[in-house]
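Residue-level structure breakdown
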Amino acid sequence: MHDLLVIGGGINGTGIARDAAGRGLDVVLVEKDDLAQHTSSASTKLIHGGLRYLEMYDFALVRKALIEREILLRAAPHIIWPMRFVLPHDKDQRPAWLIRLGLFLYDHLGGRKMLPPTKVLRRGKSDKLAPLREEFRLAFEYSDCWVEDSRLVVLNAVDAKERGAEVRTRTACTKLVRHKDHWDAEFVSAQGTETRQFRAVVNAAGGWVDEIIDLADPKDTATHLRLVKGSHIIVPKWHDGAHAFFFQNADSRIMFAIPYERGEYTLIGTTDIPYTADKDKGEISQEEIEYLCAGASEYYQRAITPADVVATYSGVRPLYDDHAASASKVTRDYVLHYDAEGGAPVLSVFGGKITTYRELAEEAVAELAPLFEGLPKSWTKKASLPGGDIPAANFDAYLSGLVLSHPHLPVELVTRLARAYGTRTRDLLGDAQTLADLGREFGGGLTEREVDWLVEQEFARSADDILRRRSKLYLHMTGEEQAAFTDWFKSRQPATA
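In what follows, the accompanying structure is described. All figures in this text were calculated on a predicted structure; none of them were measured in a lab.

**Comments concerning the overall build of the chain**
Tallying secondary structure elements over the chain gives 14 helices and 20 strands in all. Relative to its length of 497 residues, the chain is compact, with a C-alpha radius of gyration of 23 Å against a globular reference of 23 Å. For the chain, the spread of C-alpha atoms along the principal axes amounts to about 70 × 55 × 45 Å. Expressed as a percentage of the 497 residues in the chain, the buried residues total 60%. When the accessible surface of the chain is totalled, it reaches about 20500 Å², and 51% of it is carbon and sulfur. Each charge class in the chain was averaged separately, 62 positive and 72 negative side chains, and the resulting centres sit 5 Å apart.

**Topic: the packing of helix H1 (residues 11–22) against helix H7 (residues 357–368)**
Interaxial distance between H1 and H7 falls to 8 Å at its minimum, and their mutual angle equals 55°. By the angle between their directions, the pair H1 and H7 is classed as oblique. Handedness of the H1/H7 crossing: right-handed. Residues Ile11, Asn12, Gly15, Ile16, Arg18, Asp19 and Ala20 of H1 touch H7, and the partners they reach there are Tyr357, Leu360, Ala361, Glu362, Ala364 and Val365. The residue inventory of the contact of H1 with H7, partitioned by class, reads eight nonpolar, two polar and three charged.

**Remarks on empty space enclosed by the protein**
This structure, assessed with the given rule, holds one cavity of 30 Å³ or more. Approximately 80 Å³ is the volume attributed to the largest cavity. If you go around the largest cavity, the residues you meet are Arg151, Leu155, Val158, Glu162, Pro386, Gly387, Tyr421, Arg424, Trp453, Gln457 and Glu458. Counting residues per element, the ones that place at least two in the lining of the largest cavity are helix H4 (149–162) and helix H11 (448–457). Looking at the lining of the largest cavity, its residues break down into five nonpolar, two polar and four charged.

**Concerning the environment of serine 43**
Take serine 43: it is sitting in the loop between strand S2 (27–30) and strand S3 (46–47). Within polar-contact distance, the side chain of serine 43 engages the backbone nitrogen of lysine 45 at 2.9 Å. A polar contact is formed between the side chain of serine 43 and the side chain of aspartate 149, at a distance of 2.7 Å.

**Regarding the pairing of strand S8 (residues 172–178)**
Looking along a regular strand, one sees side chains alternate from face to face of the sheet. Where S8 meets strand S9 (residues 183–189), six bridges bridge the pair, whose relative direction is antiparallel. Across the sheet, arginine 178 pairs through a bridge with tryptophan 183, a residue of S9. In sequence, S8 turns back onto S9 through a hairpin of four residues.

**Let's talk about a nonpolar patch on the surface**
Nonpolar side chains collect at one region of the surface, where Tyr57, Phe59, Trp97, Leu98, Leu101, Phe104 and Leu105 lie side by side and expose about 760 Å² of accessible area between them. Looking at which element gives the most residues to the nonpolar patch, the answer is helix H3 (residues 96–108), with five residues. A relative accessible area of 38% means that leucine 98 is categorised as partly exposed.

**With respect to the layout of surface pockets**
Taken as a whole, the second largest pocket spans an internal volume of roughly 670 Å³. If you trace the second largest pocket, you find 26 residues lining it, with Trp81, Glu148, Glu261, Arg262 and Arg419 closest to the centre. Only strand S4 (80–88), strand S13 (254–260), helix H8 (395–405) and helix H9 (411–421) provide two or more residues apiece to the lining of the second largest pocket. Broken down by element, the lining of the second largest pocket gets its largest block of residues, five residues, from H9. Of the residues contributing to the lining of the second largest pocket, the split by class is 11 nonpolar, five polar and 10 charged.

The rules behind the values
Residues numbered from 1 in each chain as written. Predicted model: local features only at pLDDT ≥ 70, side-chain atom pairs only at ≥ 80, totals over all residues. Heavy atoms only, no water. Helix = DSSP H or I, 4+ residues; strand = E, 2+ residues; numbered from the N terminus. Rg over C-alpha atoms; globule rule 2.2 N^0.38 Å. Buried < 20%, exposed > 50% of the residue type's maximum accessible area, 1.4 Å probe, protein only. Areas by Shrake-Rupley, 256 points an atom, 1.4 Å probe, with all protein chains shown as cover. Lys, Arg positive; Asp, Glu negative; His and termini not counted. Charge placed at Lys NZ, Arg CZ, Asp CG, Glu CD. Axes fitted to C-alpha atoms, helices over the stretch in contact; angles between N-to-C directions. Parallel < 35°, antiparallel > 145°, perpendicular 65-115°, else oblique. Left-handed = near helix turned anticlockwise from the far one by under 90°. Contact = heavy atoms within 4.5 Å. Nonpolar A, V, L, I, M, F, W, Y, C, P; charged D, E, K, R; others polar. 1 Å grid on protein atoms, 1.4 Å probe; cavity = no way out; pocket = protein on both sides within 12 Å on 5 of 7 lines; lining within 4 Å. Points joined across faces, edges and corners; volume = space filled by probe spheres on them. Polar contact = N/O pair within 3.5 Å; in protein donor to acceptor, adjacent residues only side chain to side chain. Pairing = 2+ DSSP bridges. Patch = residues over 30% accessible without salt bridge, like charges linked within 9 Å, V, L, I, M, F, W, Y side chains within 5 Å. Salt bridge = Lys/Arg side-chain N within 4 Å of Asp/Glu carboxyl O.

See the structure below:
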């Protein structure tokens, strides 16, 4: 009998599996699709306190998130890094003094140590306002962090596996039968159907959490989630510099315009729209595209039109239903529900955000601790994620050394690999000294050596797993290159399945 079944391969599920495995529990994680295939790869890709939550007086959530921001920055400085955000002041919205007060709280609520504080920018004294329309004469610049969200999920799964967990993608949990001291769980995958026994179940199925509750307890027909679709557009680089913009729309919603993918693009989002359709098929609507273009164009001197959009993505956020009046007001905090009525326990996870996933995982395992006598205390607060053990979290120094040790590889390639794999880049490269040593090159800098790594080390099982989740290389490849890679990958699947 196993100790713990975790259902769901998003950020919450992989975080819980990692924490539990690191405490010595026998953990199995199952995910019906790929890791991070749904909500966890469709975020705005920020590790942040949530500046707008101050307006909702949710100081506890902001403080919790700001504390976690620095913990995660230390744990994974290759996939998480500081970013400055410029918030233009619109005199027709919030007064400048109120924004400054909010940013003062944002600077101090979480005990900021690693990031620079807020400062005031004025047109004529800072070129960061240059891309904006002339009426924006004043702005505030503050700090948050960027994250490669899909990779954060994958690295938690990798760490869980290395600590003893079994990670099963493309494996659906189709049946749960509760007994006094264990669960019988039925799985279906390409390998067939099997049943295993577990002492406890964690339901971290995201948008499907209610369906798993129904499997565990068919009498519980309540709806616990409020599904909200968030969509983003990607356009060619729309402003110079490594800073992002924080825009406040006339309808009180906010959006970000963020340098994306080596600075070659700008990512703009997000929307907050109630969603009731197929959770597997959440796609951006034409109305959302037009909304995001119009919102950003209220600020940029150079208007953005739907014709400028080169790619989009959407995710369905499974927020805990707190009965807020509008989708944008629904809490982003998480709720854990422990149910041991009638036998073995199931812990269901509702809501949450990427920034607070580690603390959520810690709390989830603490809820289950009484079931496992002698369970060690939490350990993730000071632990690095795979590849994140960079001295003093100084990524630039690490990168410089890596480039010097591989003088015959393109600097752009080494930089991208270092950002993705951190200190494990040397393991990936092995004895390779030239591009030819890395095997076939598919476009965008993707090589056969990297593909082998992603399959063998990071659970990749399809071309999309590689091009759209473990990387964003589809944005740097032509349509023909993507198609050729997909055909090649399919041809080798029997050897990697």
